[in-house]
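Structure at a glance
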Amino acid sequence: MDFNIVMITLGVAFLLAVIMGPLFIPLLRRLKFGQQIRGEGPQSHLKKSGTPTMGGIIIMLALALAVLRFGERNMETVTLLVATLGYGFVGFLDDYIKIVFKRSLGLTARQKLLGQLVVSIVVCVLLVQMGHSTDIRIPYLHFSFDLGWLYFPFVVFLMLGTSNAVNFTDGLDGLLAGTSAIAFGAYAIIALNNTQPNIAIFSAAVVGAVLGFLVFNAHPAKVFMGDTGSLGLGGGLTVVALLTKAELLLALIGGVFLVEILSVIIQVVSFKTRGKRVFKMSPIHHHFELVGWSEWRVVISFWTAGLILAGIGLYINEVL
């Protein structure tokens, strides 16, 4: 029965996103909420200038409506929605400032970090209220250790790191929509295996919403999700990992996101310390574009890598 509800939730979220697309995309276009393309990026992206952005609103609404319809009204649901919609709101402010005030970088780094910190602290308070375990489990080894109060700085670090890693991944048509669907799909399976139907329902709702969004975001994209979608997905993915007690597996199941943010860190450190770039451009998906890969080839390759990593993560977690 739980599996049936999970699949129904996925289907409903998918349909909601598909229905919302033709409603929101013309509205975003009329409001002139078009993407500004940075001149230092790949030249092939300049033609995307003006494509409606902030499409993450479609994802956030579709998943929230599906979760509220099929999920239980409990602390788990509240925490998941606070993380996802809270981070999504920070992303919305960033997108709005970029577009309306013509500031290419949106919120300042300090402002964005502050917003993310506030949402992360609220999530920590909710975890305490629900009596969430502060144990860290080592997958496959059947070993765990208690971090005690240090668990909550770990939660904040994980939320900030994951949301920004997911945000860096959103650079090509369909790239983040596909990789996030894979990651949330893996956690839906873990949640079902743990007999955590509410988390499985939430994860399925995200999968359905991003796949519905992908109908309009696949190359050539008719709409971009913007930080509204990418930050929201990163916040939600982190809390799903926390609630399933598969925090450490996030580095594997979300391995594509980890590689993306590491490529940025490596590039910055290398340039500042040696004056040399390791990659032609970071995040790393742009490097592959600049060495001659087509955008679609990069996306399919990263989706494939995400599927393989998710499969390994499920195997280590003894689900497969």
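Refer to the preceding data block for the structure.
Summary of the structure given here. (Residues numbered from 1 in each chain as written. Predicted model: local features only at pLDDT ≥ 70, side-chain atom pairs only at ≥ 80, totals over all residues. Heavy atoms only, no water.)

Regarding the overall build of the chain
The helix and strand tally for the chain stands at 12 helices and 2 strands. The helix and strand sequence of the chain, counted from the amino end, reads α-α-α-α-β-β-α-α-α-α-α-α-α-α. In terms of C-alpha radius of gyration, the chain reaches 19 Å, essentially the compact-globule figure of 20 Å for 320 residues. Seen through its principal axes, the chain has C-alpha atoms that stretch 50 × 50 × 35 Å. Residues counted as buried form 52% of the 320 residues belonging to the chain. Long-range pairs, those at least 24 residues apart, make up 76% of the contacts in the chain between residues at least 6 apart in sequence. Accessible surface for the chain amounts to roughly 14,400 Å². Of this, 68% is attributable to carbon and sulfur atoms. When the 22 positive and 16 negative side-chain charges of the chain are each reduced to one mean point, those points stand 13 Å apart. (Helix = DSSP H or I, 4+ residues; strand = E, 2+ residues; numbered from the N terminus. Rg over C-alpha atoms; globule rule 2.2 N^0.38 Å. Buried < 20%, exposed > 50% of the residue type's maximum accessible area, 1.4 Å probe, protein only. Contact = heavy atoms within 4.5 Å. Areas by Shrake-Rupley, 256 points an atom, 1.4 Å probe, with all protein chains shown as cover. Lys, Arg positive; Asp, Glu negative; His and termini not counted. Charge placed at Lys NZ, Arg CZ, Asp CG, Glu CD.)

Let's talk about helix α2 (residues 56-70)
For α2, spanning 15 residues, the distance from its first C-alpha to its last is 21 Å, which sits close to the expected 21 Å at 1.5 Å a residue. Turning to α2, its buried residues are G56, I58, I59, M60, A62, L63, A64, A66 and V67. For α2, the elements touching its buried residues are α1 (2-30), α3 (75-100), α7 (197-217) and α8 (226-243). (Expected span 1.5 Å × (residues − 1).)

Section: the packing of α3 against α8
α8 packs onto α3 with a crossing angle of 155 degrees between their chain directions and a minimal axis gap of 6 Å. One element, α3, and the other, α8, form an angle in the roughly antiparallel class. Considering how the two elements wind past one another, α3 and α8 form a crossing that is right-handed. The class makeup of the residues in the contact of α3 with α8 is 9 nonpolar, 9 polar and 5 charged. (Axes fitted to C-alpha atoms, helices over the stretch in contact; angles between N-to-C directions. Parallel < 35°, antiparallel > 145°, perpendicular 65-115°, else oblique. Left-handed = near helix turned anticlockwise from the far one by under 90°. Nonpolar A, V, L, I, M, F, W, Y, C, P; charged D, E, K, R; others polar.)

Describing the pairing of strand β1 (residues 135-138)
As paired elements, β1 and strand β2 (residues 143-146) share 4 bridges and run antiparallel to each other. Each bridged residue has a counterpart across the sheet, and for I136 the counterpart in β2 is F145. (Pairing = 2+ DSSP bridges.)

What to know about the packing of aromatic side chains
With the rule as written, the count across this model stands at 9 aromatic pairs. Ring plane angle 15 degrees and centroid distance 6.4 Å describe the contact between F89 and F92, whose orientation is recorded as stacked. Note that F89 and F92 are positioned in helix α3 at a spacing of 3 residues, about one turn of the helix. A relative accessible area of 48% means that F89 is categorised as partly exposed. Classification of F92 by relative accessible area gives partly exposed; the value is 27%. When the centroid spacing of 6.0 Å and the interplanar angle of 80 degrees are considered together, the rings of F288 and F302 count as edge-to-face. One end of the pair, F288, is in helix α11 (residues 284-290); the other, F302, is in helix α12 (residues 295-316), and 14 residues separate them in sequence. Given a relative accessible area of 23%, F288 falls into the partly exposed group. Linked through ring pairs, F89, F92 and Y96 together constitute an aromatic cluster. (Phe/Tyr/Trp six-rings, centres within 6.5 Å; stacked < 30°, edge-to-face > 60°.)

Quick notes on the side chain of N167
By the secondary structure assignment, N167 is in helix α5 (residues 151-169). Residue classification places N167 among the buried residues on the basis of a relative accessible area of 16%. Engagement of the side chain of N167 in a polar contact is seen with the side chain of D227, the distance being 2.7 Å. In this structure the side chain of N167 is engaged in a polar contact, spanning 2.7 Å, whose partner is the side chain of S230. Excluding residues that lie within four positions of it along the chain, N167 makes contacts with D227, S230 and L231. (Polar contact = N/O pair within 3.5 Å; in protein donor to acceptor, adjacent residues only side chain to side chain.)

Observations concerning the side chain of S203
By secondary structure assignment, the location of S203 is in helix α7. When its relative accessible area of 0% is taken as the criterion, S203 is described as buried. Sequence-distant contacts of S203, that is, excluding residues within four places in its chain, are made with F184, Y187, A188 and V240.

Thoughts on the packing of α3 against helix α4 (residues 109-129)
The axes of two packed helices give the description: the angle between them and the distance between them. Close contact between α3 and α4 brings their axes to 10 Å; oriented N to C, the two are set at 175 degrees. Comparing the axis directions of α3 and α4 gives the class roughly antiparallel. Mapping the contact onto sequence places M75, V78, T79, V82, A83, G86, Y87, V90 and D94 in α3 and K112, G115, Q116, V119, S120, V122, V123, L126, L127 and Q129 in α4. Within the contact of α3 with α4, the residues separate by chemical class into 11 nonpolar, 6 polar and 2 charged.

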